[in-house]
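Descriptive structure summary
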Amino acid sequence: MLRIISFCIIVLSIFLFPWWVGTVLAVGGVFYFTTYVEIIFFSILIDALYGHGMMMDRFIFTFVSVLIFLLAPIVKSKLYVRS
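In what follows, the accompanying structure is described.

**A word on the nonpolar core**
Among the nonpolar cores identified, the biggest contains 12 residues, and these are I10, V11, I14, A26, V30, F33, Y36, I39, F42, L45, I46 and A72. By residue number, the principal contributor to this core is helix α3 (residues 38-50), which donates 4 residues. Other than its neighbours up to four places away in sequence, F33 contacts L2, R3, S6 and K76.

**Some details on the packing of aromatic side chains**
In this structure the tally under the stated criterion is 7 aromatic pairs. The interplanar angle of 25 degrees and the centroid separation of 5.7 Å between the aromatic rings of F7 and F41 together place this pair among those described as stacked. Pair noted here: F7 is in helix α1 (residues 2-16) and F41 is in helix α3, with a separation of 34 residues, a long-range link. Measuring from centroid to centroid gives 6.2 Å for Y36 and F42, while their planes differ by 45 degrees, and the two rings are tilted. With respect to burial, Y36 and F42 carry one shared label: buried. A network of ring pairs unites the aromatic residues F7, Y32, F33, Y36, F41 and F42 as a single cluster. It is R3 that lies over the ring of F33; its NZ or CZ is 5.4 Å from the centre.

**Remarks on the pattern of salt bridges**
Going through the model one piece at a time under the given rule, you end up with 1 salt bridge. Put simply, E38 and R3 hold a salt bridge, and the shortest N to O gap is 3.1 Å. On the criterion of sequence distance, the pair formed by E38 in helix α3 and R3 in helix α1 is long-range, its members being 35 residues apart. For R3, a relative accessible area of 27% translates into the label partly exposed.

**Focus: helix α2 (residues 19-32)**
Compared with the 20 Å implied by 1.5 Å per residue over 14 residues, the 20 Å span of α2 between its first and last C-alpha is a close match. Those residues of α2 that sit buried are G22, A26, G29 and V30. Buried residues of α2, seen end-on, are gathered within an arc of 100 degrees and therefore sit on one face of the element. In α2, the exposed positions angled more than 90 degrees off the buried face are occupied by V24 and Y32.

Calculation rules
Residues numbered from 1 in each chain as written. Predicted model: local features only at pLDDT ≥ 70, side-chain atom pairs only at ≥ 80, totals over all residues. Heavy atoms only, no water. Core = buried A, V, L, I, M, F, W, Y, C linked by side-chain atoms within 4.5 Å. Buried < 20%, exposed > 50% of the residue type's maximum accessible area, 1.4 Å probe, protein only. Helix = DSSP H or I, 4+ residues; strand = E, 2+ residues; numbered from the N terminus. Contact = heavy atoms within 4.5 Å. Phe/Tyr/Trp six-rings, centres within 6.5 Å; stacked < 30°, edge-to-face > 60°. Lys NZ or Arg CZ within 6 Å of the ring centre and 35° of its normal. Salt bridge = Lys/Arg side-chain N within 4 Å of Asp/Glu carboxyl O. Expected span 1.5 Å × (residues − 1). Arc of directions from axis to C-beta.

Functional significance is not addressed by these values, which are geometric in nature.
Structure below.
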């Protein structure tokens, strides 16, 4: 249920706020949830709304989010979070 609510909040923030608000929330979701594949959807949406340029420049958020998605388990394993 928390994952669905976070998905809705991030989609609304992408449409209502500047691009960086949705980006920060999506990166936070990657580190909060175990596998947050939705970040790739959010980055495609941000690229479609705010992207400019031709070819490779248009999908820069998508490339960066795939990189974050792949590197997040490594970073999470190195972090020490006390619960």
